Amino acid sequence: MLFKKQIQKCVIIGSGPAGYSSAIYAARADLNPIIFLGFQPGGQLTTTTRIDNYLGFPSGISGKNFMENCKIQAERFNTKIINKSVINVSLSNKKGGIHRIFLEKKEEYVESIGIIIATGSRPKFLEIEKEKKFMGLGVSFCATCDGFFHKEKDVAVIGGGDSALEEVNYLAKICKKVYLIVRKDYLKASKILQYHISKKNNISILFSSKITEIIGDNFLEGIKIFNHKNKTSSTLLISGLFIAIGHIPNTEIFKKELDLDERGYIIVKKGSTITNKPGVFASGDVQDPNYRQAITSAGTGCMAALDLERYLSLCNY
Ligand code: NDP
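It should be emphasised that the depicted structure is a prediction, and the values quoted were computed from it without experimental measurement.

With that settled, the discussion passes to the domain arrangement of the chain. Frequently, the measure chosen for interface size is the accessible area removed from exposure when the parts meet. Here the chain is described as being made up of domain 1 (7-122 + 247-314) and domain 2 (125-243). Taken together, the contacts link five residues of domain 1 with six residues of domain 2. In this assembly, domain 1 and domain 2 are joined by zero salt bridges. Remark: the boundary between domain 1 and domain 2 carries zero residue pairs in polar contact (both at pLDDT 80 or more). Class assignment for the residues of the side of domain 1 that touches domain 2 results in no nonpolar, four polar and one charged.

Right, dumping it as structure tokens:
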């Protein structure tokens with residue numbers, strides 16, 4: 001057991017804006033939080049080029065720098081930051097009960113009265129042949145990470161939401177040509193992002209289209225596309241395919257313990273972060289299929305810490 005058999009008051013699982021916001025509030029309330037960073041320290045924002053819509057940053061900030069600032073701020077209030085992942089939990093049904101959080105090595109665990117789950121979500125796959133095989137060999141989920149390899153080349157992005165348009169915007173600055181493949185005949189993305197891409201002349205949007213095949217033997221060399229409106233097939237020779245078709249909540253380790261909705265998001269009591277287990281709270285994308293913004297994640301992270309603080313005082317801790 002970590003921390004010499006000490007029972008914790010606040011263990012936070014996940015280190016995106018929700019996790020760090022919970023940590024800062026919990027630390028300032030003397031709950032001595034421990035945060036487990038998880039498989040992607042800093043969460044998905046670390047792969048975002050620029051955050052321009054977070055309140056208080058008039059010139060914007062890179063996702064990586066933003067998350068680094070969150071970490072520094074949490075450290076300032078003595079949050080224990082541990083670079084490990086949680087692989088399982090055993091949650092108590094009793095009010096004031098003790099939950100157990102298992103780490104990478106099965107015999108290693110932490111016990112806590114309060115848990116804040118902030119494990120976020122991960123990108124969805126297309127589920128077509130060669131997609132996984134060519135990850136890092138032309139197929140990518142992150143333009144800011146891999147765009148550089150496609151400098152002055154032709155690439156494609158699939159998806160019609162904000163994520164896809166952000167990828168397109170970034171790639172259009174460094175690539176020769178960017179195809180955006182959209183399965184509907186309109187974009188779901190916000191008007192401001194649509195406006196940004198309409199200003200670039202090396203972007204071509206292929207509506208009503210889906211990828212039917214990834215071409216290449218050892219790495220991606222192209223894709224086959226089918227347009228279901230005019231029933232035509234075509235081939236695009238590209239060096240990179242960027243997938244941006246939405247997300248799946250990271251709730252696998254909680255599915256036996258917590259109530260989840262049909263898409264796998266943790267169900268919380270309306271207007272709060274309270275789950276169906278006493279002392280367990282959920283914040284950020286893991287409980288939010290709708291808003292999914294850095295600022296809403298941070299907001300619910302704050303709520304989770306306040307909900308936990310209230311819970312502990314009701315349990316006389
Ligand atoms: P969304 O769920 O909003 O969009 C997913 C897109 O991918 C849709 O166009 C969807 O099409 C398409 N899609 C889904 N599955 C497939 C598939 N199998 N094949 C082809 N296309 C598919 O996800 P995002 O990641 O774009 O955004 C999630 C949330 O995060 C949103 O709320 C968004 O506003 C937010 N966000 C905000 C940003 C910002 O403010 N700068 C940046 C990035 C994300 P269909 O419409 O047909 O389902």
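Our next topic: the pattern of salt bridges. Charged atoms that come close allow side chains of opposite charge to pair. Applying the stated criterion across every chain, the model contains 10 salt bridges. Of the charged contacts, one joins K71 and E75 as a salt bridge, the two residues approaching to 3.8 Å between their closest N and O atoms. Within this pair, K71 and its partner E75 are both found in helix 2 (residues 63-76), separated by four residues, close to a single helical turn. Look at E75 and you get partly exposed, because its relative accessible area is 38%. Among the ionic pairs, E252 bridges to R122, the shortest N-O distance being 2.8 Å. Pair noted here: E252 is in the loop between strand 20 (247-249) and strand 21 (280-282) and R122 is in strand 11 (residues 121-123), with a separation of 130 residues, a long-range link.

Near the ligand you find 21 residues, and of these G160, D162, S163, E166 and R183 are the closest. R183 has a polar side-chain atom sitting 2.9 Å from an oxygen atom of the ligand. Contact distances for the ligand include 3.4 Å between an oxygen atom and a side-chain N or O atom of H247. The fraction of the free accessible surface of the ligand (920 Å²) that becomes covered by protein chains is 77%. Looking at the shell around the ligand, the element that brings in the most residues is helix 4 (residues 162-174), giving three residues. When grouped by side-chain class, the residues that make up the shell around the ligand number five nonpolar, nine polar and seven charged.

Thresholds, definitions, all that
- Residues numbered from 1 in each chain as written.
- Predicted model: local features only at pLDDT ≥ 70, side-chain atom pairs only at ≥ 80, totals over all residues.
- Heavy atoms only, no water.
- Domains from an automatic or database assignment.
- Contact = heavy atoms within 4.5 Å.
- Salt bridge = Lys/Arg side-chain N within 4 Å of Asp/Glu carboxyl O.
- Polar contact = N/O pair within 3.5 Å; in protein donor to acceptor, adjacent residues only side chain to side chain.
- Nonpolar A, V, L, I, M, F, W, Y, C, P; charged D, E, K, R; others polar.
- Helix = DSSP H or I, 4+ residues; strand = E, 2+ residues; numbered from the N terminus.
- Buried < 20%, exposed > 50% of the residue type's maximum accessible area, 1.4 Å probe, protein only.
- Near = heavy atom within 4 Å.
- Areas by Shrake-Rupley, 256 points an atom, 1.4 Å probe, with all protein chains shown as cover.

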